[in-house]
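Geometric and topological summary
Read off the chains here:
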Amino acid sequence: MASFEDGSDYTSGNVRCAVRVYERYSVAGGNRLSLTPTMMGTENSLFLSAIVAGGSQGIFFKFNTFGEEAFLDKVRKLAEEL
């Protein structure tokens, strides 16, 4: 379960932008992850960007990114349903 941390909204003319930050605990990685989705567009055209941060382990290389991928997969599934 992810918790809403913060967000912002911006409108200029007919262009709207919404940014949100969510956080959750990853059991697989044993740490916390953040998800920042950003949606921007007009009534007829929308752009969605979703960035996941945290959750990987390692000093020099990223590994154990299972939690990051699982978090992003949830967003991917919701976007495909729209």
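Preceding this section is the structure that the text describes.
Residues numbered from 1 in each chain as written. Predicted model: local features only at pLDDT ≥ 70, side-chain atom pairs only at ≥ 80, totals over all residues. Heavy atoms only, no water.

1. Some details on the pairing of strand S1 (residues 3-12)
To keep it simple, the criterion reads: For two strands to count as paired, DSSP must find a minimum of two bridges between them. Only DSSP runs of H or I reaching four residues or more are called helices, and only runs of E reaching two or more are called strands; each is numbered from the N terminus.
The pairing of S1 with strand S2 (residues 15-26) spans 9 bridges and is classified as antiparallel. The partner of Asp 6 across the bridge, within S2, is Val 21. Joining the antiparallel neighbours S1 and S2 is a turn of 2 residues, in which Gly 13 adopts a positive phi near 65 degrees.

2. Overview of the side chain of Arg 24
Heads up, the condition is: Relative accessibility decides the category of a residue: with a 1.4 Å probe and only protein chains considered, values under 20% of the type maximum give buried, values over 50% give exposed, and everything between is partly exposed. Charge convention: Lys and Arg are scored as positive, Asp and Glu as negative, and His as well as the terminal groups of each chain are ignored. The rule for a salt bridge is simple: a side-chain nitrogen of Lys or Arg has to be within 4 Å of a carboxyl oxygen of Asp or Glu. Whether two residues touch is decided by their heavy atoms; if any such pair falls within 4.5 Å, the residues are in contact.
Mapped onto the elements of the fold, Arg 24 is located in strand S2. With no salt bridge to any partner, buried Arg 24 finds its closest opposite charge in Asp 73, at an N-O distance of 8.9 Å. Apart from residues lying up to four places away in sequence, Arg 24 is in contact with Met 1, Ala 2, Asn 31, Arg 32, Leu 33, Gly 67, Ala 70, Phe 71 and Lys 74.

3. Side note on the environment of Arg 20
Basically, it comes down to this: Polar contact criterion, stated in full: a pair of N or O atoms within 3.5 Å, where within protein one must be able to donate a hydrogen and the other to accept it, and residues adjacent in sequence count only if both atoms are side-chain atoms.
Relative to the assigned elements, Arg 20 resides in strand S2. Accessibility expressed as a relative area gives 23% for Arg 20, which makes it partly exposed. It is 4.1 Å that separates the C-alpha atoms of Arg 20 and Gly 7, two residues lying 13 residues apart in sequence. Within the local environment of Arg 20, its side chain forms a polar contact with the backbone oxygen of Ser 8, the two atoms lying 3.1 Å apart.

4. Regarding the packing of aromatic side chains
The criterion, for reference: Within 6.5 Å between ring centres, the rings of Phe, Tyr and Trp (the latter by its six-membered ring) count as paired, and their orientation is classed by plane angle as stacked under 30 degrees, edge-to-face over 60, tilted in between.
Enumeration according to the criterion identifies 1 aromatic pair in this entry. Ring geometry for Phe 4 and Tyr 22: centres 5.7 Å apart, planes at 65 degrees, overall edge-to-face. In this pair, Phe 4 is assigned in strand S1 and Tyr 22 in strand S2, connecting sequence segments 18 residues apart. Judged by relative accessible area, Phe 4 falls into the partly exposed class, the value being 48%. By relative accessible area, which is 27% here, Tyr 22 ends up partly exposed.

5. Digging into a nonpolar patch on the surface
The line we're drawing: A residue counts toward a patch only above 30% relative accessible area and without a salt bridge, and it is joined to like-charged neighbours within 9 Å or, for Val, Leu, Ile, Met, Phe, Trp and Tyr, to nonpolar neighbours within 5 Å. The accessible surface values rely on the Shrake-Rupley method and a 1.4 Å probe; as for residues, cover is taken only from the protein chains in view.
Residues Met 39, Leu 46 and Leu 48 make up a contiguous nonpolar surface patch of about 270 Å² in total accessible area. Structurally, Leu 46 is set in strand S4 (residues 46-54).

6. A word on the pattern of salt bridges
This model, assessed by the stated rule, comprises 3 salt bridges. The residue Arg 32 makes a salt bridge to Glu 23 at a minimum N-O spacing of 3.0 Å.

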